[in-house]
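# Structural overview
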Amino acid sequence: MRYRLTFVVGLALGYVLGTRAGRERYEQLKKSARQVAQNPAVRNTAESAAQQGRQFAGKAYHVVSDKVGDRVPDSVAQRVRSLRERNVNGTGQDDWGTSNT
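Nothing here was measured: the structure is a model prediction, and the numbers come from that model.

Parameters and conventions
- Residues numbered from 1 in each chain as written.
- Predicted model: local features only at pLDDT ≥ 70, side-chain atom pairs only at ≥ 80, totals over all residues.
- Heavy atoms only, no water.
- Helix = DSSP H or I, 4+ residues; strand = E, 2+ residues; numbered from the N terminus.
- Polar contact = N/O pair within 3.5 Å; in protein donor to acceptor, adjacent residues only side chain to side chain.
- pLDDT = per-residue confidence, 0-100.
- Patch = residues over 30% accessible without salt bridge, like charges linked within 9 Å, V, L, I, M, F, W, Y side chains within 5 Å.
- Areas by Shrake-Rupley, 256 points an atom, 1.4 Å probe, with all protein chains shown as cover.
- Salt bridge = Lys/Arg side-chain N within 4 Å of Asp/Glu carboxyl O.
- 1 Å grid on protein atoms, 1.4 Å probe; cavity = no way out; pocket = protein on both sides within 12 Å on 5 of 7 lines; lining within 4 Å.
- Points joined across faces, edges and corners; volume = space filled by probe spheres on them.
- Nonpolar A, V, L, I, M, F, W, Y, C, P; charged D, E, K, R; others polar.

As for its placement among the helices and strands, Q51 is situated in helix α3 (residues 40-68). Within the local environment of Q51, its side chain forms a polar contact with the side chain of R54, the two groups lying 3.1 Å apart.

As structure tokens, then:
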């Protein structure tokens, strides 16, 4: 789904940049894109896909950490544990100022 969306966005961008239709056509495309993005069905589908992606990522994270956990240095394992505990407690940010979204 993401690749299709990227292709469509690229196609629209290429059209806008490559056409001589001018500002009017650009505004039409922009309005259409905004309407699609605000469509409840599109928003629900995007949120469902994001939620499913988060679930798969969480499962993959636990599988990988279980298999790799014994093979990493203690300092790295301790750092990961502290980040997990901090995220469970609800801060949601790491030391670099990025959020956990």
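Once that is clear, we can look at the confidence of the model for the protein chain. In this model, the protein chain carries a mean pLDDT of 78, and residues with pLDDT of at least 70 account for 80%. α3 holds the highest mean pLDDT among the elements of the protein chain, 87, whereas helix α4 (residues 74-88) holds the lowest, 78.

This part takes up a nonpolar patch on the surface. Together, F7, V8 and L11 make up a nonpolar patch on the protein surface, roughly 330 Å² of accessible area in all. By the secondary structure assignment, V8 is in helix α1 (residues 2-18).

Another point: the layout of surface pockets. One number sums up the size of the largest pocket: a volume of about 780 Å³. Around the largest pocket sit 21 residues that line it, and L5, V8, V9, A33 and V36 are the ones nearest its centre. For the lining of the largest pocket, the secondary-structure elements that each account for two or more residues are α1, α2 (23-38) and α3. Of the residues assigned to the lining of the largest pocket, the class counts are 17 nonpolar, two polar and two charged.

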